[in-house]
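Topology and contacts: notes
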Amino acid sequence: MAESDWPYPVSEFECHRCGNCCRGDGFVAVTPEDATRIAAHLELSEAAFEATYARRTEDGALRLVDQGDALRSCVFLQADNTCRVHAVKPTQCRGFPMAWRPPDALEICAGLRAAAGLPFPIRRTISRRTG
Ligand code: SF4
Ligand code: SF4
């Protein structure tokens, strides 16, 4: 989606910590560099990090697991909607919502909604499992 599709300059974005981008449909990809960085931060071997916090897809890609809750919260999402590994979080997380955003970003992201003059979003709902 091009920035020109948005009703305001995306550069005005400020995170409001709703946590919705860390829940719900979709997945968090973990690059080899992400895995090395996060494992070191957690003082784990990469094998232990992978065994505890991630899984491999059939094609060998690494993804974070969720907490097994109804909202499919990321394994690193904390009760106050902060990220346990914020300083070293995956590249995908660092890029949201400036570098990339899903089609429903304006529905779920409190920061994008605030910049657009829209009210705080409802808590993210789950429409499907994606693996
Ligand atoms: S790693 Fe952190 S920022 Fe990324 S989805 Fe999980 S809780 Fe959110
Ligand atoms: S959805 Fe937007 S406002 Fe909410 S935590 Fe994620 S980046 Fe911040």
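The structure this text deals with has already been given above.
This report concerns the structure included in the present document. (Residues numbered from 1 in each chain as written. Chains lettered and ligands numbered in written order. Predicted model: local features only at pLDDT ≥ 70, side-chain atom pairs only at ≥ 80, totals over all residues.)

Along the chain, the regular secondary structure elements total 5 helices and 3 strands. Helices (α) and strands (β) of the chain occur, in sequence order from the N terminus, as β-α-α-β-β-α-α-α. Scored against the burial criterion, the 131 residues of the chain give a buried share of 23%. Taking contacts inside the chain between residues at least 6 apart in sequence as the whole, the part at least 24 apart equals 61%. (Helix = DSSP H or I, 4+ residues; strand = E, 2+ residues; numbered from the N terminus. Buried ≥ 20, exposed ≤ 12 C-beta atoms within 10 Å, placed from the backbone. Contact = placed C-beta atoms within 7 Å.)

All right, on to the environment of threonine 52 then. Within the element layout of this structure, threonine 52 appears in helix α2 (residues 46-53). Between the C-alpha atoms of threonine 52 and valine 65, which are 13 residues apart in sequence, the distance is 8.6 Å.

Around ligand 2 lies a shell of 13 residues, among which Cys15, Cys18, Cys21, Cys109 and Gly111 are the nearest. Of the residues belonging to the shell around ligand 2, the class tally is 8 nonpolar, 4 polar and 1 charged. (Near = placed C-beta within 6 Å. Nonpolar A, V, L, I, M, F, W, Y, C, P; charged D, E, K, R; others polar.)

Listed as buried for helix α1 (residues 32-41) are Asp34, Ile38 and Ala39. For α1, the angular spread of the buried residues around the axis is 120°, confining them to a single face. For α1, the exposed residues set more than 90 degrees away from the buried face come down to Pro32 and Glu33. Looking at the buried side of α1, the elements it contacts are β1 (29-30), α2 and α3 (91-95). (Arc of directions from axis to C-beta.)

Picture the strands of a sheet paired through backbone hydrogen bonds; they go either parallel or antiparallel. A sheet is described by the order of its strands in space; here 3 strands give the open sequence β1-β3-β2, paired in antiparallel fashion. Of all the strands in the sheet, just β1 and β2 (54-56) have a single pairing partner and so form its edges. Pairing of β1 with strand β3 (residues 62-64) involves 2 bridges; the strand directions are antiparallel. Across the sheet, alanine 29 pairs through a bridge with arginine 63, a residue of β3. (Pairing = 2+ DSSP bridges.)

Geometrically, a packed helix pair is captured by the angle between its two axes and the distance between the axes. Viewed as axis vectors pointing N to C, α1 and α2 meet at an angle of 95°, and their least axial separation amounts to 9 Å. On the basis of the axis angle, α1 is roughly perpendicular to α2. For the pair α1 and α2, the contacting residues are Ala35, Thr36, Ile38 and Ala39 in the first and Glu46, Phe49 and Glu50 in the second. Considered class by class, the residues forming the contact of α1 with α2 number 4 nonpolar, 1 polar and 2 charged. (Axes fitted to C-alpha atoms, helices over the stretch in contact; angles between N-to-C directions. Parallel < 35°, antiparallel > 145°, perpendicular 65-115°, else oblique.)

A few words now on the site of ligand 1. In the neighbourhood of ligand 1, the contacting residues comprise Cys22, Val28, Leu64, Cys74, Phe76, Leu77, Cys83, Val85, Lys89, Pro90 and Cys93. Looking at side-chain class alone, the shell around ligand 1 contains 10 nonpolar, no polar and 1 charged residues.

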